[in-house]
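# What the coordinates show
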Amino acid sequence: MFQFILRRTVGAVVTLFLIGATTFFLFVAAPSDYASLACGKDCSPARLEDIRQALGLNLPIAQQFWDFMSGIVTGRDFPQGHCSAPCLGQSFYYNDMVWNLIKDRFPLTLSLTIGALVVFLVLGLGAGMLSAYKRGSLVDKISTGASMVLSSFQIYFLGPIALIVFVYSTGWMEDPKYVPFTEDPVGWLVGLSIPMVVMATIFTAQYTRMARASMIEQLAEEHVRTARAKGMSQKYVFFRYAWRGSLIPIVTVLGIDISALLGGGVVTEITFSLQGIGRLAVDGAVQKDLPLTMGIMLFGAFFILILNILTDIVYAYIDPRVRLS
């Protein structure tokens, strides 16, 4: 297992370097004057020169690339001050270091992602397994029908409806807001409960159908039929033999869905006016803030790679053949 984790970690570092190099050359080395784009219509020569210095556009491309990549590890010096490692540049729109902005916004995005992940895994897998266990019953029909309906919803449609029903009409809930978990765990959960549930709805429907299909397929496997033939109870066979095998395709899809979950986080933050990484990325793109956009892309890639490594570890634990391959 240790060698497997080491191989995946080294691969992630190489992948992150390639993503950083690709991002740099796509944004900085492309034949466009990003300083003028960022400066806007009312640009003064002094402002334009400040942006050029902040981006390092006056330096050779090789020197810019080295400064960008080495700054992530060792930090960089800018005309406005020192940027400690991991330095992702300086945002000239917010007039602050990109890493500081990401650190401030990331807890909200992480809360949404983890909260939605827990909701749709618990509800989706639970409903799917129950539906497979009671295949053909009324519970199975209701679960399958509900998943079909919910999978057609979108966050930008379901979000406003949830606000109207639970906040503005009934007053059962307050407007969604972020409260640090370390300060008030209950306030944290209550403040983000509506965005978490809305964000998880589509994935819940998807994982309900997937868990049901995977479990039904496992129940038809030869080793499961053999266990039944030996007189083992239905419940014991279900949880001892079929459950673990049904998780393999689900974990595989989960690794792919993590990036989609982050994409859904952007829409969720905008829908509920939450100031997370997604909102920051949109501001960076709208304001043509190149360092901010590049920094968020790199940080997003790093976050996805970490989650993919964790997913692969779980996958290797469930299926030992992965460790040997």
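To start, this report covers the structure provided alongside it. (Residues numbered from 1 in each chain as written. Predicted model: local features only at pLDDT ≥ 70, side-chain atom pairs only at ≥ 80, totals over all residues. Heavy atoms only, no water.)

### A closer look at the state of the cysteines
Summed over the entire model, instances satisfying the criterion amount to 1 disulfide. The disulfide bridge from Cys 83 ends at Cys 87, spanning 2.3 Å between sulfur atoms. Taking the sign of the S-S torsion, 115° for the link of Cys 83 and Cys 87, the bridge is right-handed. Across this residue pair, the class does not change: Cys 83 and Cys 87 are buried. (Disulfide = S-S within 2.5 Å. Buried < 20%, exposed > 50% of the residue type's maximum accessible area, 1.4 Å probe, protein only.)

### Some words on empty space enclosed by the protein
By the definition in use, this model includes 1 cavity of 30 Å³ or more. Here the largest cavity defines a volume of roughly 170 Å³. Looking at the largest cavity, it is lined by 17 residues, and the ones nearest its centre are Val 28, Ala 54, Leu 55, Phe 68 and Arg 76. Split into classes, the residues belonging to the lining of the largest cavity amount to 11 nonpolar, 4 polar and 2 charged. (1 Å grid on protein atoms, 1.4 Å probe; cavity = no way out; pocket = protein on both sides within 12 Å on 5 of 7 lines; lining within 4 Å. Points joined across faces, edges and corners; volume = space filled by probe spheres on them. Nonpolar A, V, L, I, M, F, W, Y, C, P; charged D, E, K, R; others polar.)

### Observations concerning the nonpolar core
Core analysis: the biggest nonpolar cluster contains 36 residues, and Phe 120, Val 198, Tyr 207 and Met 215 have the highest contact counts within it. Among the elements of the structure, α5 (98–133), α7 (155–169), α8 (185–219), α9 (222–229) and α10 (234–271) are those that each provide at least two residues to this core. Ranked by residues supplied to this core, first place goes to α8 with 14 residues. Apart from residues lying up to four places away in sequence, Met 215 is in contact with Met 129, Ala 132, Phe 238, Ala 242, Trp 243 and Ser 246. (Core = buried A, V, L, I, M, F, W, Y, C linked by side-chain atoms within 4.5 Å. Helix = DSSP H or I, 4+ residues; strand = E, 2+ residues; numbered from the N terminus. Contact = heavy atoms within 4.5 Å.)

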